[in-house]
Amino acid sequence: MAIFSRSTAFTRVTAIAAQRAVHAAFAWMHNNPKTLIDRQAELVAIPAPPFGEEARSNWLAARFTEIGLTGIHTDAVCNVIGIIPARHLPADSTGPVVVLSAHLDTVFPAATPLRPTLSRDNGANRLAAPGACDNAAGVIGMLALAQALVQSKVKLAAPIVVLGNVGEEGEGDLRGVRHFYEQPALAGRIAAHIVLDGAGADSAVTQALGSLRFQVTINGPGGHSFTDAGTPNPIAAMASALATLARTPLPEKPSTTLNLGTIRGGTSVNSIPESATASVDFRSTSSDELLRLEVALHRAVEDAVDQTNAIAKHLGSRSRGSLTFAIKRIGDRPAAQLANDSPILEALRAVDRHLGIQTDLRLGSTDANIPIALGIPALSMGAGGDGGGAHTLAEWYSDKDRETALRRILLLAVAMTEWAAEQ
Ligand SMILES: [Zn+2]
């Protein structure tokens, strides 16, 4: 798009930043840091383990109502959706939209004690609690932007769909955003997608690190360790398969990793186990490498099971039967990369130039994997402030300079509505 070439994007962003309503939105964000951090403390006190996000979804839907979003609804998987309309368009318009999203789920199991503590630190507010940064920072940033845009009546060229989604962390496998993209009502209408995840204001994830995860199960007849000796052992086969897999050569470029994550099996030291299970995780920026590793896994397991069965057969009548195996895919995040001249990147560069920020482009596995793999201009970025201890009980967040990041996201979102409307 000529309109979003490197030089014109800057003119466009400067014009947006000069609008009176945009100034009013910036002023609201500048004047309300306490409202935001208090809301953040309220949010982190609500548990949101993977597959248990409902209480947080309800909280978010109530905030959407307070702020005055339209078309608020919670879908079948507990994603919460609201709309900031483009006021010159009819409410039932089916034109392009821009999505602004943040994931609601945390990595913490339901029983984790969540006792948020607020303090002052170096002129900023500091919140300590599991999930304070990942992703309460994203959710609160998204709410703040929605509130500032609605209250200040910022003119949007296309509606912004605000999405609090489930299922980003761990075995959630991006199910929230995946489900969102399967909605027929939005099919083909999403022109751009901005994901807010964690803190920071100087980087954006534009390369989607893909991953494939598998659970391997090997079953056998089991038996007494002495009287049934010779019966094939699922743990022996599993150990052999995993040892082979661990020796698979991995390229440095495209960046590719392999992890043997868990292993379980057996009931007691003097029993031949009836089953063994293991889970493995492959990650790569290349879908070809992921496929190669999937093939290597199947080969390693099949060979190990065949060999173990062959040895048992060789021992003759003492074997009570043979081993079987199953390999189940438990995670699949697509690998993809945003083009360097993607309109959303041109717009972000223009915004950052306007604000005097240097953007660092990174590789990551985020909700943006789904739209990037669909060819939609999308990225994942921090919602400002600073944070640490992500995925630990010592997680913290500081709202120091959150304001700059919120301005950055607001300008980017408004610029993308202009781009969307011209498609
Ligand atoms: Zn996150």
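Analysis parameters
- Residues numbered from 1 in each chain as written.
- Predicted model: local features only at pLDDT ≥ 70, side-chain atom pairs only at ≥ 80, totals over all residues.
- Heavy atoms only, no water.
- Pairing = 2+ DSSP bridges.
- Helix = DSSP H or I, 4+ residues; strand = E, 2+ residues; numbered from the N terminus.
- Axes fitted to C-alpha atoms, helices over the stretch in contact; angles between N-to-C directions.
- Contact = heavy atoms within 4.5 Å.
- Domains from an automatic or database assignment.
- Buried area = accessible area lost by both parts, 1.4 Å probe.
- Salt bridge = Lys/Arg side-chain N within 4 Å of Asp/Glu carboxyl O.
- Core = buried A, V, L, I, M, F, W, Y, C linked by side-chain atoms within 4.5 Å.
- Buried < 20%, exposed > 50% of the residue type's maximum accessible area, 1.4 Å probe, protein only.
- Expected span 1.5 Å × (residues − 1).
- Arc of directions from axis to C-beta.
- Phe/Tyr/Trp six-rings, centres within 6.5 Å; stacked < 30°, edge-to-face > 60°.
- Lys NZ or Arg CZ within 6 Å of the ring centre and 35° of its normal.

A. Geometry of the sheet that holds strand β18 (residues 386-388). If you trace the four strands from one edge of the open sheet to the other, you get β4-β5-β19-β18, paired in antiparallel fashion. Each having just a single partner strand, β4 (117-121) and β18 make up the two edges of the open sheet. When strand polarity is set aside, the average angle formed by the axes of neighbouring strands in this sheet is 20°. Two strands pair when backbone bridges link them, and strand β5 (residues 124-128) and strand β19 (residues 396-398) are joined in this way by three bridges, in the antiparallel orientation. The residue of β19 that forms the bridge with Arg126 is Ser398. Against the sheet, helix α3 (residues 33-44) engages β4, β5 and β19, with an angle of about 0° to β5.

B. Quick peek at the sheet that holds strand β9 (residues 210-219). Sheet architecture is open: four strands sit in the order β11-β13-β9-β14, paired in antiparallel fashion. Two strands lie at the open edges of the sheet, namely β11 (256-265) and β14 (324-333), each paired on one side alone. Averaged over all adjacent pairs, the angle separating strand axes in this sheet is 15°, with direction ignored. The pairing of β9 with strand β13 (residues 275-284) spans 10 bridges and is classified as antiparallel. Across the sheet, the residue bridging to Leu212 is Phe282, located in β13.

C. Layout of the domain arrangement of the protein chain. Once the domains are mapped, the protein chain shows domain 1 (2-207 + 335-421) and domain 2 (210-333). Between domain 1 and domain 2, the C-alpha centre-to-centre distance is 41 Å. Taken together, the contacts link 13 residues of domain 1 with 12 residues of domain 2. In total, about 880 Å² of surface goes out of reach between domain 1 and domain 2, with carbon and sulfur atoms giving 45% of it. The largest per-residue losses of area from domain 1 upon contact with domain 2 belong to Asp173, Ala335 and Ser365, which jointly make up 51% of the total buried on that side. Counting across the domain 1 and domain 2 interface gives zero salt bridges.

D. Layout of the nonpolar core. Ranked by internal contacts, the top residues of the largest apolar core, which has 76 residues, are Leu60, Ile194, Leu196, Leu410 and Leu412. For Ile194, the residues in contact, after removing those within four places along its chain, are Val99, Leu100, Ser101, Ile344, Leu379, Met381, Ile409, Leu412 and Ala413. Among the nonpolar cores identified, the runner-up in size contains 24 residues, and Val216, Ala237, Ala296 and Ile327 belong to it.

E. Seen up close, helix α2 (residues 20-31). With 12 residues, α2 extends 16 Å from end C-alpha to end C-alpha; this agrees with the ideal 16 Å at 1.5 Å per step. Listed as buried for α2 are Ala21, Val22, Ala25, Phe26, Trp28 and Met29. Each buried residue of α2 lies within a common arc of 155° when the element is viewed along its axis, so the set occupies one face. Exposed residues pointing more than 90 degrees away from the buried face of α2 are listed as Arg20 and Asn31. Structurally, α2 contributes buried residues whose contacts are with α1 (6-17), α3, α5 (136-151) and α11 (402-421).

F. Local environment of the packing of aromatic side chains. As enumerated under the stated definition, the model contains two aromatic pairs in all. A ring pair is formed by Phe180 and Tyr181, whose centres lie 5.6 Å apart and whose planes are at 85°; its orientation type is edge-to-face. A single burial state applies to Phe180 and to Tyr181, both of which are buried. Pairing Phe214 with Phe282 gives two aromatic rings, centres 5.9 Å apart and planes at 55°, and the pair type is tilted. One end of the pair, Phe214, is in strand β9; the other, Phe282, is in strand β13, and 68 residues separate them in sequence. A cation sits over an aromatic face here: Arg63 above Trp59, 5.0 Å from the ring centre. Here the guanidinium or amino end of Arg353 rests over the ring plane of Phe10, the centre of that ring lying 3.7 Å away.

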